[in-house]
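Working through the structure, step by step
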Amino acid sequence: ILAEPGFNRQGSTAIIACIQGSNLVVANAGDSRAVLCSTDADGHIVATALSTDHKSSNAAEKARVEATEYAEGHRGFVVLNPIARVMGVLAVTRAFGNNNAVPTTLITPTPDVHPHDLQTGGDFLILACDGLWDVVSNEDACDIVMAHQNDLFAASQALVEAALTRGSKDNITAMVIDLRRYRA
């Protein structure tokens, strides 16, 4: 995208899931998240994050930013403003398209990749951006999905509505995938 002078270019995060046979691979860059919803042997709902949020408050991500030189003799930094932000600007440490916000060497689009064997469990997968996860816990999200498991569109809508009801001020996108059909 070409930006006009003075145009404030915004970036984005990404979360993807690829399924081949019984193998699930999740990749993320930023604070979008993948959560696996399962039930244990006693019928209790279990929520498992399959990705790591790349926020400036994450110790490993903060260390990566602070170890990165963006100009000769200058390293990145993270400050509280009032939340942790790279160079006092971005809350995420991985994203794409934030070219005008901070030096491009500090914010990387390189995703983390997380494999999961579907034979070990997992009924539903939630892929959502931070507008959901900022106000809805992994456990609450899985409870909502399990309550709507016969209508995944309704489950996705219920997740968005829960985030709105709980006061999310960010964009909210949620998708629910039925993983049961991928198990042998």
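Before reading further, recall that the structure is shown in the block above.
Below is a summary of the structure that appears in this document. (Residues numbered from 1 in each chain as written. Predicted model: local features only at pLDDT ≥ 70, side-chain atom pairs only at ≥ 80, totals over all residues. Heavy atoms only, no water.)

In this section: the sheet that holds strand β11 (residues 174-178). The strands making up a sheet associate through backbone hydrogen bonding, with each pair oriented either parallel or antiparallel. If you walk across this open sheet you meet the four strands as β4-β3-β10-β11, and the pairing is antiparallel. The sheet is open, and its two edges are formed by β4 (45-49) and β11, each paired on a single side. Pairwise comparison of adjacent strand axes, ignoring direction, gives a mean angle of 20° for this sheet. Direction of pairing for strand β3 (residues 33-39) relative to strand β10 (residues 124-128): antiparallel, over a ladder of five bridges. The residue bridging R33 from the neighbouring strand is A128, located in β10. This element, helix α4 (residues 152-165), spans β10 and β11 of the sheet and lies at about 145° to β11. (Pairing = 2+ DSSP bridges. Helix = DSSP H or I, 4+ residues; strand = E, 2+ residues; numbered from the N terminus. Axes fitted to C-alpha atoms, helices over the stretch in contact; angles between N-to-C directions. Contact = heavy atoms within 4.5 Å.)

All right, on to unusual backbone geometry then. In this model, M87 sits at a positive phi of 55°, which is unusual for a non-glycine residue. Considering the arrangement of structural elements, one finds M87 in the loop between β8 (84-86) and β9 (112-117).

Bringing the pattern of salt bridges into the picture now. Opposite charge on two side chains allows them to pair when their charged atoms are near. Applying the stated criterion to the full structure yields eight salt bridges. With its nearest N and O atoms 3.3 Å apart, the salt bridge here joins K55 to D134. Here D134 lies in the loop between α2 (130-133) and α3 (138-147) and K55 lies in the loop between β4 and α1 (59-67), a separation of 79 residues in the sequence. Since its relative accessible area comes to 44%, D134 is described here as partly exposed. Of the charged contacts in the structure, one is a salt bridge between K62 and E66, with a shortest N-O distance of 3.8 Å. With a gap of four residues between them, K62 and E66 both fall in helix α1, about one helical turn apart. With a relative accessible area of 33%, K62 lands in the partly exposed category. Overall, E66 belongs to the partly exposed group, its relative accessible area being 33%. (Salt bridge = Lys/Arg side-chain N within 4 Å of Asp/Glu carboxyl O. Buried < 20%, exposed > 50% of the residue type's maximum accessible area, 1.4 Å probe, protein only.)

For the rest of this paragraph, the subject is the state of the cysteines. Evaluated as defined, the whole model comprises one disulfide. Here C37 pairs with C142 through a disulfide, and the sulfurs are 2.3 Å apart. A torsion of -80° about the S-S bond marks the disulfide between C37 and C142 as left-handed. Taken together, the residues span a long stretch of sequence, with C37 in strand β3 and C142 in helix α3 at a distance of 105 residues. The two residues C37 and C142 agree in class, both being buried. This cysteine, C18, is not joined by any disulfide, and C129 carries the nearest cysteine sulfur, 19 Å off. By relative accessible area, which is 44% here, C18 ends up partly exposed. Looking at C129, it has no disulfide partner, and the nearest cysteine sulfur is the one in C37, 16 Å off. The class for C129 is buried, based on a relative accessible area of 8%. (Disulfide = S-S within 2.5 Å.)

Here the focus is the nonpolar core. For soluble globular proteins, the rule of thumb is that nonpolar side chains tend to be buried together. Grouped together as the largest cluster of nonpolar side chains are 21 residues, with contacts concentrated most on I126, L132, W133 and L159. Among residues more than four places away in sequence, those in contact with L132 are L159, A163 and I172. (Core = buried A, V, L, I, M, F, W, Y, C linked by side-chain atoms within 4.5 Å.)

Locating L179 in the fold gives a position in the segment after β11. Of the residues examined, L179 reaches a relative accessible area of 0% and is grouped as buried. Spatially, the C-alpha atoms of L179 and G121 are 8.9 Å apart, while their sequence positions differ by 58 residues. Setting aside chain neighbours within four positions, we find L179 in contact with I19, L24, L36, L118, G122, D123, F124 and L125.

Function cannot be read off these values alone, since they describe shape.
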